[in-house]
Amino acid sequence: MTLTLLAAAPKGPLDTWSPTLFALFALLLPLIALLIILAFTIDSRRLSAAIAVIFTLATVICAVIVVAIELAHPLHLERNGTFLQFFTGQSGAANEFILQWGVLADPLAAVMLLTVSLVSLLVQVYALGSIRREDGPIRFFCVLLLATFAMIGVTLSTTYFELLLFFGVTTLSTYLMIGHWWQREDATAAASRAFIVSAIGDVGLLIGIAYIYFRFNELNFQTLAGQYTGGKVSGNGLFIMSILVFIGAAAKSAQFPLHIWLPGSAQAPAPAAALIHSAGSALCGVYLIARAYALFHASPRGLALLAIIGGLTAVLGVVWALFQDNLKRAIAFTTMSELGLMVLALSIGAYGAGVFEVFTQAWPKALLFLAAGVIIRELRTERMAEMGGLWQRMRFTGWITLIAVAAAAGVPPFSSFWSKDAILSKALAIGSLPAIALITAVTLLGTIALVRVFMLVFMGETARRRRFEPERIRDATGRVAVAMVIFAVACVVAGLRGFRGRTDPIGFVTFPGVPISNSHFVAAGTIAVAALVGAAIGWALFSRRRRPMAGLEPVRRVVAEGFFLDRAYRLAAAGALLPAGRASGWIETRVVDGALDLVSESVGFAGQPRRWLGDARLRQLLIGLFAGVVILAVVTILLAGRLIGKTG
Amino acid sequence: MTLLEAVPTTTAAPAQFPTVLLSAMVWVPAIAAIALLFFPARTDLHRGRIRSFVLATTGVVLGLGVVMWYGFRDQTGTYAYEETRGWLPSIGSSYHLGVDGVSMPLLLLSAFLFVFAVLASTRVREQPKEYFVLLLILETGVNGVFASLDYLLFFLFWQLQAVPMFLLIARFGGPRRLKAAWKFLAVDLAGSALLLLAILILYFKAPVRTFDIVTLHDVTLPAALATMICWLFFIAFAVRLPVLPFHTGFIDAQAQAPAPIGLVLTGLTVKLGGYGIIRVNVGEFQDAWHKIVGAVVVIAVVTVLWAAIAALAQDDLRRLIGYIVMSHMGLVLLGAASAAPVAVNGAVLLMLADGLTAALLVLLAAAIIERANTSSIAAMGGIAGRMGRGAALWVLAALAAIGFPGLAGFIGQLLIVLGAYPSHRIATPLAVLGILLVSGAMIWAVQRILFGALPERHGRIRDLGTLELANGVGLISLIVLLGVLPAILMDSINFSVITLLSRGGG
């Protein structure tokens, strides 16, 4: 209510406050905290953690202010600075090359800023309780701050150049988070894979940027938005641009062919995994599509590409999730499915709804990973086959997980029900049958996958293992529990649809030219039924732990391994690049060096002085060299002097 | 002596600095080298004194370099700090020094890197005097190439840096040093012969009997002749760059050279090739350059990709660094070939960035190889557990080599890609693929060197010492500075690149 009042007031404080100033503060605070820790408190765990949390809290406050101002005045404001500027011709005004960086404040950025900073803060509070001394807490907090800085930078970027810059920082922070336990081979391998996939995306984006710059001589999102349809570039050109930009987005947001890093990202410590999957690098790509939406909007084939890849990712993710035995990987695959759904939503024009889905999914996804962290720490296994029966022993975590599952699946009235409903409403409004079917199916299957996780972990009997006493399991307490409770509250309230207009989250973030379709009760009913039916099916299927049918085992394995795509990529890389590298080495030693050796030996000077040089005669050689230089100099001067004397 | 009287320079001196600045930067090391010959080197005290003296000398040169950079900012003419003295008037050669925005940053880089090279030369046990004398002569040669504006002088300095480099590798290198040194010298001599040939053809065919680069710029030659000279210059410089078939000498030399010499080799002497291409081919033979650019771009892209693929399969850490430098120099060649202002700016910036990065990589690699007692990447692993500070620096160095945002290489690569794309729309994405492969190679190498379980035999590895750490942090600071504030050099670079590109030339 207060917000609407503020909006109505003609001259409130929000009229005079600059949202970009607070956005700038929000961007710089995590970086300052990082630098303070590196410079001053690198030796103190308590101080470092305190600085990290306090500065992130300040970031959250800045984000809240930005959101409040944007709610009152939903404007697009930018504050730009020059990074590099020079003229590419001698007449000054002719061609100017300029790279700008800056911060922007608009509803889209405000929503993402709030999500990122709040998730980061809560995750840090959780980490205070869960990261032990031997896990390298200071390094961990530094990396969390770097990730927060990178994500806020991505969120507030005003130009493609700045976005690429922060994409790089995001890549680094993800690499460091996944590889946090660097002694483990699988963690570092997953980290390297994430880095390389991200680098592929960054390189695709870089080529896209080169193309866009070449065509428009401009990299600012806002300026470009009006130019795509200006006829400067043909439809094919726009399609190529959108492909290249989408490669950048797909690598970050784990869209189908570039998804292979996402399951491995669960190797990160629980708080880091929660950050990556809820508001971290996995969301960068969706955000990039939303930010560069004018480009896709101008290219119908670009939108179709988004729809196909997004839909495929959504379905494949959920199918793979259904067959995972590893707890974290199962959750990670449901994230992948949700990311696909977000891309699909953007592609069908559900712009506000797609961004709202990012917002509503962030809390349950983070919560699932945090709960998984607690469970895995207590059970010392990640395999769901070795879990079960935890409802009796971890009642608190059980409830939390249940809320998270309900919120992630879209069970009314939890958070993502509202966003899924909005997406489906848009699909109904444009009457796209495949989209309607996909959204419903993904909701249904996604709910089954999530309920399966819950059932396998909490219901049934705890599997007996050697050297493991289920009686010693303890539930989450302290800061870990506090963080989880706040996330759980967010899971309930994040979906609240406010009043009409800009307090309605879907009307808040809009794209000009894309109509908002109001919620349809058919859509709401479909989502609710799909989620509830999915939950029932999941409950029925997995309430009893049963042996998988023997005949289906190969199928299960193929699906659980993600159709072996990961391995295929690795084989392809190893099969193509390493032999090429070895071949190049062979050519170098045999062909090039052989020719060189032939030359150097046939010249003959190679043989004798080799021995001569090997011993201590270097001194004589040096003296000889100097004598030569001196004699040369003297002769030259004398000669030159005589010549000058003659001429002069 | 009438000989050494300064001839008044034709262009207005930009700032009120003495015009002997460049001469000082070039000759102070040589004079110090001669003085060093009379130092005793019998005891450890003597050796320490020698090292301090050399450090002071390079420090003086660095100070002059900073003064040069500071005074350069408000230049107006084509060249700054010009010195023209009569030297061999009978054949039309003069002692002509001067820097512009292309050579000034490289000269500054040279001044910095030699200080780091001397700081890193702690392992020279035997014949330290000879070592440092050669190192100082090397500095004279390198600085002289960057500063000279007379083809004959240019060639003499080019030779002056080749000989000490050969001797340093041959005498102080690794187990297979002699073969590597000879190979390096053989390739280099072939290149130098072409360089001399190109200079002599130019000299004899030009209507004016002069070696002066500035004067010869205004001379027009027949197109066919200009193209041929341009090719000769290009091959001579490309051998040093190194481009594809000529790189084995460089890679072997890099694998065998002692760390400080490897630092100079990868950080500076290969940059001489890139500098030569930008100064002579791009600047002086523009029309001819445009004719051969198609072939050059192919060579550049093949070099980038070849080096990147070779880096992926490389097990020897030092050779890996060599290939990564080679890949970057291929990108520099692409930027120079496109002859677009943005790309040439990027090429200069990438040379600076790569010089600093390569220096850092070479020093860190030497530190790890010395401790692990092997240069095979497969035999390392888990070293991060014993070398926390070393691992942090390694990761940063790897990121710098990749061209990570916020570090110097990123801006260089970005400018090359943005600038070269309009004229080479297939070659540029292919070169970008090379950047990607280099990232893969680097990340994979970092994973295998630093992470994983620590082998038993590496249990006693020490972390970086204070001096090594200081060297690394110093280089990283420069890399970050250039990455965050490229504008400190960009204005000067761009001014001269525009001048270079817009005045035409035959």
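A.B. asks: Kindly report on the overall build of chain A, identifying the contributing residues and their values.
C.D. replies: Each helix and strand in chain A was counted, giving 28 helices and two strands. Evaluated residue by residue, chain A yields a buried proportion of 53% over its 648 residues. At a minimum sequence separation of 6, the contacts of chain A that also span at least 24 residues come to 81%.

A.B. asks: Report on the interface of chain B and chain A, specifying residues and quantitative values.
C.D. replies: Of the residues lining the interface, 60 residues belong to chain B; the matching set on chain A comes to 54 residues. Classifying every residue of the side of chain B that touches chain A by side-chain character gives 40 nonpolar, 16 polar and four charged.

A.B. asks: Account for the environment of Ala397 of chain B, naming residues and giving values.
C.D. replies: Residue and element names in this part refer to chain B. Inspection of the secondary structure puts Ala397 in helix H14 (residues 388-402). Here Ala397 falls in the buried class, since 28 other C-beta atoms lie within 10 Å of it. Separated by 78 residues in the primary sequence, Ala397 and Arg319 place their C-alpha atoms 16 Å from one another. Residues within four places of Ala397 in sequence aside, it is in contact with Thr357, Leu360, Leu361 and Leu364.

A.B. asks: How would you explain the packing of helix H10 (residues 235-252) of chain A against helix H15 (residues 300-322) of chain A if you had to name every residue and give the values?
C.D. replies: All names here are of chain A. At their nearest, the axes of H10 and H15 sit 9 Å apart, and the two run at 30° to each other. As judged from the angle between their axes, H10 and H15 are roughly parallel. H10 and H15 meet at a crossing whose hand is right-handed. Seen from H10, the contacting residues are Leu238, Phe239, Ser242, Ile243, Phe246 and Ala250; seen from H15, they are Arg301, Gly302, Leu305, Leu306 and Ile309. Tallied by class, residues from the contact of H10 with H15 come to eight nonpolar, two polar and one charged.

A.B. asks: Give me the lowdown on helix H21 (residues 433-458) of chain A, citing residues and values where you can.
C.D. replies: The α-helix advances 3.6 residues per turn, and as a result positions three or four apart in sequence lie on the same side. Residue and element names in this part refer to chain A. An ideal rise of 1.5 Å per residue puts 38 Å on 26 residues; H21 measures up with 37 Å between its terminal C-alpha atoms. Across the 26 residues that make up H21, a large majority, 20, are buried. Phi turns positive one or two residues past the end of H21, at Gly460, with a value near 75°.

Parameters at a glance
Residues numbered from 1 in each chain as written. Chains lettered and ligands numbered in written order. Predicted model: local features only at pLDDT ≥ 70, side-chain atom pairs only at ≥ 80, totals over all residues. Helix = DSSP H or I, 4+ residues; strand = E, 2+ residues; numbered from the N terminus. Buried ≥ 20, exposed ≤ 12 C-beta atoms within 10 Å, placed from the backbone. Contact = placed C-beta atoms within 7 Å. Nonpolar A, V, L, I, M, F, W, Y, C, P; charged D, E, K, R; others polar. Axes fitted to C-alpha atoms, helices over the stretch in contact; angles between N-to-C directions. Parallel < 35°, antiparallel > 145°, perpendicular 65-115°, else oblique. Left-handed = near helix turned anticlockwise from the far one by under 90°. Expected span 1.5 Å × (residues − 1).

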